[in-house]
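Examining the three-dimensional arrangement
Each chain is listed here by its residues.
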Amino acid sequence: MNGAVMSAPIMSLHRCYQRSALLFTARRLLSSSSVSPPPLHRRLLLYLTQRFYDVELFLSWRFQKKRERLEGKNAYYGYTKRHHGPDIATAYYILSMKGSLRYVGQSEWLHSKRRGKFNWDFLNYKDKQLQDINMSHTLINYRGMENLENQRSLRTLSLRGCPEVDDWFLARLHVFQDSLEELDISHCPRITTGGLAALRHLKGLQRLDVSSLPKISSPGLVVILLEEMLPQCQITATGYDYMLRQEGEHEAEEHVLGQR
Amino acid sequence: MSTWRRLHVKARTARGLLTSGPVTERHTWLHRHLPLCQSLSTSTPLRNDFFKDLEAQLAAMRKKAADALPGSNWSPFEINPNLPPERADIVIVGGGVVGWSVAYWLKKKEMVRGGVKVVVIEKDTTYSKASTVLSAGGIRQQFSLPENIYLSLVSAFFMRNINEYLGVLNEDPIDLQFNHSGYLFLANEDVAHIMEENYNTQLDAGAKVKLLSPTQLKDKFPWINTDGVALASYGLENEGSFDPWTLLNAFRRKAISMGVIQCRGEVTDINYTSQLLRNMDGDQVELRRIKSVKVQMPNSLEYQPVDCAIVVNAAGAFSGKLAEMMGIGYGPENTIAGVPFPVEPRKRFVYVVHCPNGPGLDTPFLIDYSGVYFRREGLGGNFIAGASPEESEEPDTSNLEVDHQFFEEKIWPSLANRVPAFEKLKVSSAWAGFYDYNTFDQNGIIGLHPLIPNMYFATGFSGHGLQHSPGVGRAVAELILDGNFQTLDLSMFGFRRILAQEPMLEKNIV
Ligand SMILES: Cc1cc2nc3c(=O)[nH]c(=O)nc-3n(C[C@H](O)[C@H](O)[C@H](O)COP(=O)(O)OP(=O)(O)OC[C@H]3O[C@@H](n4cnc5c(N)ncnc54)[C@H](O)[C@@H]3O)c2cc1C
């Protein structure tokens, strides 16, 4: 009896090890060889995760914390909205995310200064709609979009280089379909072709920048299809080195074949 | 007394082990042992070998001794390592997307790591006949029952955050290849009022849908022929299609990493105990409690009974077979046991067509009132199309052969009528799959049968099981671990409606 109890944890540890080893080999077969090995401390952690639940738990906990912080930043500004109106809440959100904005009929942009400090002037613009929003290189995500949704006279929106903007975000842009004229989604690492299809709602779009989207597999074709879908829109798509890309793919393929 | 006997046995096995070693070597060991002791430091290569041998032998002996200890799972017989465990808490029959989703949520909800032992039994790990991988991969919010809409919204949320749910540490992130195309339903004069009703239900439930008049429709999609269309409803968000394989694999990978045991084999029999009870009217009812399921190993006569506390029936189109094993529907007429289990396989064809001049990037998942549907597949001018046949013309379900006549006669005419560009197209391939068709009301069956206290059903989704799998898995896990629905009340998908003969029909079934 005693023996059975004693051996149980050992067995489960053993199995856990086997399982992760299995997963590990599966991944190795699947993933292409182009990825360079992760740095030493990451590898060490991986080694430990495969052997101990606690380390795995810790890592996933850290990952979760990071997510929570991101979600917190993008949380719905309900309190501000209730006390100062939706437009001020939007402006407050944009400035706290280190974005910039311009009101309808104004020529001046409101920026946040260094270290995230900003001028509280926007409090004077109660019930004034935004015309331009620049969220480039910010951490805005799907949830943060909720803070922008009431801006029905938005004309330009720049999301250049936003790491958290994905296809689901694009699918939500239909709320601006009556007003949006310019959209910049270049350098967003998570956007794929499936999300670009969602831009079909933006019939009034006049300028669209889709440069350097790393996840688009056949950019030439995609741009043609986009032009077909949005005939009035001028589409910018730079940063795709078609020739180079194809060669690179060839090389990767050969590498995989060689491995087998 | 018993301890003493065990000790005795232990001693005997230990002795047995010692003597069972090769006799000659033991002798040499005895002979050389003493003189060598002094010259350890100046050991020659030969002696080195000797010590290595010795070490290996000692290790083997230690291992044997440990194996023979009570509590280890060593046995003198060769055991097939693919056999399922002899005991499990929860056995999930069917490793399709629903089965793996349930497995994942059970593990996610368990309080202690390893708190429940979950085994998923799948007869065909190539999934050659599973509906999941043969489906069209669509997700929509445009249903008429609020519960179905809620389930879709839950799934959309799940898929949006799929890497938080199903991401495995240090593995590549999951890319569902979600195509945000939206669904476009077309209605003629006769059904336009139903569409409007559905639209209101959908808005109430929080779905993002828009109604379009024929002119607006033509404006948005110039390639559509709007003849006969009275109203259209168009999904703005959370609708489109994705890769079913990726979802299935993501569920499976995550569940296995959390400790679910995967096993290849077919459940061919169920062992249960019966208990006779009397109901209020004084009639006898027979309660059947599952004790174990018999798992037949693939391509062999070998089988293994798995003792279990709970069985989840997620066998998709073939879940009726499991219900049959439990005798559902075989009782006397007009009793609960006599009501047949209404899920059966129904064959549906999907055709891949090539049409370079067809609609482009903005092609929605279009569902015509004639029953024909199509969607874009990739970027190279390919589309997939299909339709449900008439009830009287259901194809034979003994195989998965494709009837090409069906496309020529039933699908192409409607397709070309709706989109004139499709007059010139080429069928490049086709496949068939089984709907887990609920003949009673074409909706899922979730929950316990009143006469079987430990078999949970999650089946019968008739063409929308893939998209609802994340929500259904969570609901079933809640039923099992919490005893009732916690997040989304799906009790109306229970057996009650079937026993009471009150169908819950979807007013817009595809
Ligand atoms: C052509 C077609 C198009 C579809 N389109 C869509 C769509 O667009 N959107 C959508 O949401 N849904 C769609 N569906 C429906 C969807 O595919 C199913 O509802 C869903 O996949 C059901 O999942 P499941 O896990 O219950 O079944 P399955 O994927 O069939 O899995 C059941 C598994 O159980 C195994 N099994 C069965 N019996 C036993 C046994 N006795 N022992 C061991 N294993 C067993 C089988 O091998 C199978 O792998 C479509 C279906 C078809 C056929």
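See the structure printed just above.
Structural notes, computed from the coordinates. (Residues numbered from 1 in each chain as written. Chains lettered and ligands numbered in written order. Predicted model: local features only at pLDDT ≥ 70, side-chain atom pairs only at ≥ 80, totals over all residues. Heavy atoms only, no water.)

Turning our eyes to something else, we now look at a positive patch on the surface. On the surface, Arg62, Lys66, Arg69, Lys73 and Lys98 of chain A cluster together into a positively charged patch. Here Arg62 of chain A lies in helix 3 (residues 53-73). (Patch = residues over 30% accessible without salt bridge, like charges linked within 9 Å, V, L, I, M, F, W, Y side chains within 5 Å. Areas by Shrake-Rupley, 256 points an atom, 1.4 Å probe, with all protein chains shown as cover. Salt bridge = Lys/Arg side-chain N within 4 Å of Asp/Glu carboxyl O. Lys, Arg positive; Asp, Glu negative; His and termini not counted. Charge placed at Lys NZ, Arg CZ, Asp CG, Glu CD. Helix = DSSP H or I, 4+ residues; strand = E, 2+ residues; numbered from the N terminus.)

So, on to the pattern of salt bridges. Residue and element names in this part refer to chain B. Within this structure, the stated rule accounts for 26 salt bridges over all chains. Glu286 is the salt-bridge partner of Arg288, the closest N and O atoms lying 3.1 Å from each other. Residue Arg288 is classed as buried on the basis of its relative accessible area, which comes to 19%. Of the charged contacts in the structure, one is a salt bridge between Glu344 and Arg346, with a shortest N-O distance of 2.8 Å. (Buried < 20%, exposed > 50% of the residue type's maximum accessible area, 1.4 Å probe, protein only.)

Attention shifts here to the pairing of strand 2 (residues 118-122) of chain B. Residue and element names in this part refer to chain B. The element strand 2 is extensively covered by neighbouring structure, given that five of its five residues are classed as buried. Covered by surrounding structure in strand 2 are Val118, Val120 and Glu122 together with Val119 and Ile121, the residues of both alternating faces. Bridge count between strand 1 (residues 87-93) and strand 2: four bridges; the pairing is parallel. Along strand 2, the bridge assignment pairs Ile90 with Val118. Taking the sense of rotation as the criterion, the β-α-β connection linking strand 1, helix 4 (residues 97-109) and strand 2 turns out right-handed. Of the pairings in the sheet, the one linking strand 2 to strand 8 (residues 261-264) comprises four bridges and is parallel in character. (Pairing = 2+ DSSP bridges. Right-handed = clockwise from strand over helix to strand, strands pointing away.)

Once that is clear, we can look at the site of the ligand. Residues and elements named next belong to chain B. Near the ligand you find 35 residues, and of these Glu122, Ser131, Thr132, Gly138 and Gln467 are the closest. Between Glu122 and the ligand, the recorded distance is 2.7 Å, taken from a side-chain N or O atom to an oxygen atom. In this structure, an oxygen atom belonging to the ligand sits 2.4 Å away from a side-chain N or O atom of Thr132. Expressed as a share of its isolated accessible area of 1,000 Å², the protein-covered part of the ligand is 96%. Of all the secondary structure elements, the ones that give two or more residues to the shell around the ligand are helix 4, strand 2, helix 5 (131-134), strand 9 (266-278), strand 12 (343-354), strand 16 (426-438) and helix 13 (465-482). Here the shell around the ligand gets four residues from one element, more than from any other, and that element is strand 16. Residue classes in the shell around the ligand are distributed as 15 nonpolar, 15 polar and five charged. (Near = heavy atom within 4 Å. Polar contact = N/O pair within 3.5 Å; in protein donor to acceptor, adjacent residues only side chain to side chain. Nonpolar A, V, L, I, M, F, W, Y, C, P; charged D, E, K, R; others polar.)

So, about the packing of helix 10 (residues 244-257) of chain B against helix 13 of chain B. Residue and element names in this part refer to chain B. Direction vectors running N to C along helix 10 and helix 13 enclose 25°, while the axes themselves pass 11 Å from each other. Judged by the inter-axis angle, helix 10 sits roughly parallel to helix 13. Note that helix 10 runs across helix 13; the crossing there is left-handed. Across the interface between the two elements, Pro244, Leu247 and Phe251 of helix 10 pack against Leu466, Ser469 and Pro470 of helix 13. Residues that form the contact of helix 10 with helix 13 fall into these classes: five nonpolar, one polar and no charged. (Axes fitted to C-alpha atoms, helices over the stretch in contact; angles between N-to-C directions. Parallel < 35°, antiparallel > 145°, perpendicular 65-115°, else oblique. Left-handed = near helix turned anticlockwise from the far one by under 90°. Contact = heavy atoms within 4.5 Å.)

For the rest of this paragraph, the subject is the packing of aromatic side chains. Think of a pair of aromatic rings as described by two things: how far the centres are apart, and how the planes are tilted against each other in angle. Residues and elements named next belong to chain B. A complete count under the given rule lists 36 aromatic pairs over all chains for this structure. Ring geometry for Tyr104 versus Phe158: centroids 6.4 Å apart, planes at 70°, classification edge-to-face. With a gap of 54 residues between them, Tyr104 in helix 4 and Phe158 in helix 6 (residues 146-160) connect regions that are remote in the sequence. Residue classification places Phe158 among the buried positions, given a relative accessible area of 2%. Pairing Phe318 with Phe434 gives two aromatic rings, centres 5.7 Å apart and planes at 90°, and the pair type is edge-to-face. With Phe318 in the loop between strand 11 (303-313) and helix 11 (319-325) and Phe434 in strand 16, this pair connects stretches of sequence that are 116 residues apart. Here Lys123 stacks its cationic end above the ring of Phe318, 5.0 Å away from the centre of that ring. A cation over an aromatic ring shows up here: Arg474 above the ring of Trp105, its NZ or CZ 6.0 Å from the ring centre. (Phe/Tyr/Trp six-rings, centres within 6.5 Å; stacked < 30°, edge-to-face > 60°. Lys NZ or Arg CZ within 6 Å of the ring centre and 35° of its normal.)

Glancing now at unusual backbone geometry. Residue and element names in this part refer to chain B. Here the phi dihedral of Tyr127 falls at roughly 55°; this positive angle occurs in a residue that is not glycine. By the secondary structure assignment, Tyr127 is in the loop between strand 2 and helix 5. Phi at Ser462 takes a positive value of approximately 45°, unusual for a residue other than glycine. Looking at where Ser462 falls in the secondary structure, it is placed in the loop between strand 18 (452-459) and helix 13.

Bringing the nonpolar core into the picture now. Core analysis: the biggest nonpolar cluster contains 59 residues, and Ile90, Ile92, Trp100, Tyr104, Leu166, Leu247 and Val476 of chain B have the highest contact counts within it. Top contributing element to this core by residue count: helix 4 of chain B, with eight residues. Leaving out residues up to four positions away in the same chain, Leu247 of chain B has contacts with Val97, Met159, Ile162, Leu176, Phe242, Leu466 and Ser469 of chain B. Judged by nonpolar contacts, the second largest core, of 53 residues, contains Tyr77, Ile191, Leu202 and Ile216 of chain A. (Core = buried A, V, L, I, M, F, W, Y, C linked by side-chain atoms within 4.5 Å.)

Residue and element names in this part refer to chain B. Spatially, 5-6-4-13-14-15-12-16 is the arrangement adopted by the eight strands of the open sheet, whose pairing is mixed. The outermost strands of the open sheet, each flanked by one partner alone, are strand 5 (209-212) and strand 16. Strand-to-strand twist across the sheet, computed as the mean angle between neighbouring axes with direction ignored, equals 20°. Summarising the sheet, strand 14 (residues 373-377) and strand 15 (residues 382-386) pair through five bridges and their orientation is antiparallel. Across the sheet, Tyr373 pairs through a bridge with Gly386, a residue of strand 15. The sheet contacts of helix 8 (residues 192-205) involve strand 4 (183-187), strand 5 and strand 6 (231-235), and relative to strand 5 the element is tilted by about 155°. Here helix 12 (residues 404-418) sits on the sheet in contact with strand 4, strand 12, strand 13 (365-367), strand 14, strand 15 and strand 16, set at roughly 60° to strand 12.

These figures capture arrangement, not role.
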